[in-house]
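# Structural overview
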Amino acid sequence: MPDADSSNKAPWITFNVEKVIIQRGITGIGNRNFLQMSSITSVSYPDTLTKIGDAAFYECYGLTEIVLPSGVNTVGSGAYCDCSAVTKIVTPGATSLESYAFQGTSAVTYEIPAGITSISPLVFFGNTTIESYTVAVGNPSYIAQNGIVYSKDGTVLVMYPFQSRVGTFAIPANVKEIGAYAFYGASSINISTLRVTLPASVKSIGDYAFHNRNVEFVYCKSLTPPFLGGANVFGNDWGTSWKCKYYVPMSAVDDYKKAPYWKDLGDNIVGYDFTE
């Protein structure tokens, strides 16, 4: 199925259909093929299909589930973006999930397939319902513990579910890196406040890792300020960033207040006795 765009729309784009059946033999659904067809409630995919194009089902508000055959290995950027009624996502054969593929869906859990060796939290950007992630048996790159995704060796925290109800979370002591967007929240609505403890092992925190997360307190045990990947690691877009306090070792306060990006937190950096 060829790609469509704003000037060359798919010929069926104006049809008021509820069920879509993709014929056997078709190997790919092109970009924007079913864009904004909100009447669609279900799609049947053939076992010959291998690819879902960018924005293929963008804003198909009536769609309730995404269950792809095992032959589909690529889901494009924004493929199912803002399909807000979708509560079930199954992609057993996927090896590539592009950013925003499932943005704005309403799934509460998702299993990362065995073939995925690289994934970004941006796949679920804007999803406010995810409570836990799991990882399929045999995946060589990731593991899941208590619904949270880590690198296989446990040294990188990759994805933390948006709707986790845990109010206090201590990052495991073997974690060395917190990935970009790992804890990212998309909304101030229905999101619990979070108190997080960073062990001394954490050396690097990616940009936007805790942005829009309603973080209330950060306890950072490292005597050396962890590297921050940008100016938006912490904070939020609704004007309450000033409420968060960052507790660091008493002897390291000055170092934190001089470190790149940490220094922007100013007097919100407070000395703390971690021996108590």
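As a reminder, the structure under discussion sits directly above these lines.
The structure contained in this document is the topic of the report that follows. Since this is a predicted model, take the numbers as computed values, not measurements.

On the basis of which strands lie adjacent, the open sheet formed by six strands has the order β11-β12-β13-β15-β17-β19 and mixed pairing. The sheet is open, and its two borders are formed by β11 (142-145) and β19 (227-228), each paired with just one other strand. In the sheet, β11 pairs with strand β12 (residues 148-151) via four bridges, with the strands oriented antiparallel. From the neighbouring strand, Q145 faces β12, where its bridge partner is I148.

Here we have four strands laid out as an open sheet, ordered β2-β4-β6-β8, and parallel in their pairing. Every interior strand has two partners, whereas the edge strands, β2 (28-29) and β8 (96-97), have only one. For strand β6 (residues 74-75) and β8, the ladder comprises two bridges, and the chain directions are parallel. Opposite V75, over in β8, you have L97 as the bridge partner.

Moving on, we get to the nonpolar core. By size, the foremost hydrophobic cluster in this structure holds 42 residues, and its most contacted members are I52, F57, Y80 and F102. Residue assignment for this core shows that the elements contributing at least two residues are β9 (109-112), β10 (132-135) and β13 (156-159). Looking at this core, the element that brings in the most residues is β13, giving three residues. Contacts of I52, omitting those with residues within four sequence positions, involve I29, Y45, F57, L68, V72, T74, V75, G76, A79 and Y80. With 33 residues, the next largest nonpolar core counts I178, C220, C244 and Y256 among its residues.

With respect to the secondary-structure elements, N33 resides in the loop between β2 and β3 (42-44). For N33, a relative accessible area of 1% translates into the label buried.

What counts, and at which threshold
- Residues numbered from 1 in each chain as written.
- Predicted model: local features only at pLDDT ≥ 70, side-chain atom pairs only at ≥ 80, totals over all residues.
- Heavy atoms only, no water.
- Pairing = 2+ DSSP bridges.
- Helix = DSSP H or I, 4+ residues; strand = E, 2+ residues; numbered from the N terminus.
- Core = buried A, V, L, I, M, F, W, Y, C linked by side-chain atoms within 4.5 Å.
- Buried < 20%, exposed > 50% of the residue type's maximum accessible area, 1.4 Å probe, protein only.
- Contact = heavy atoms within 4.5 Å.

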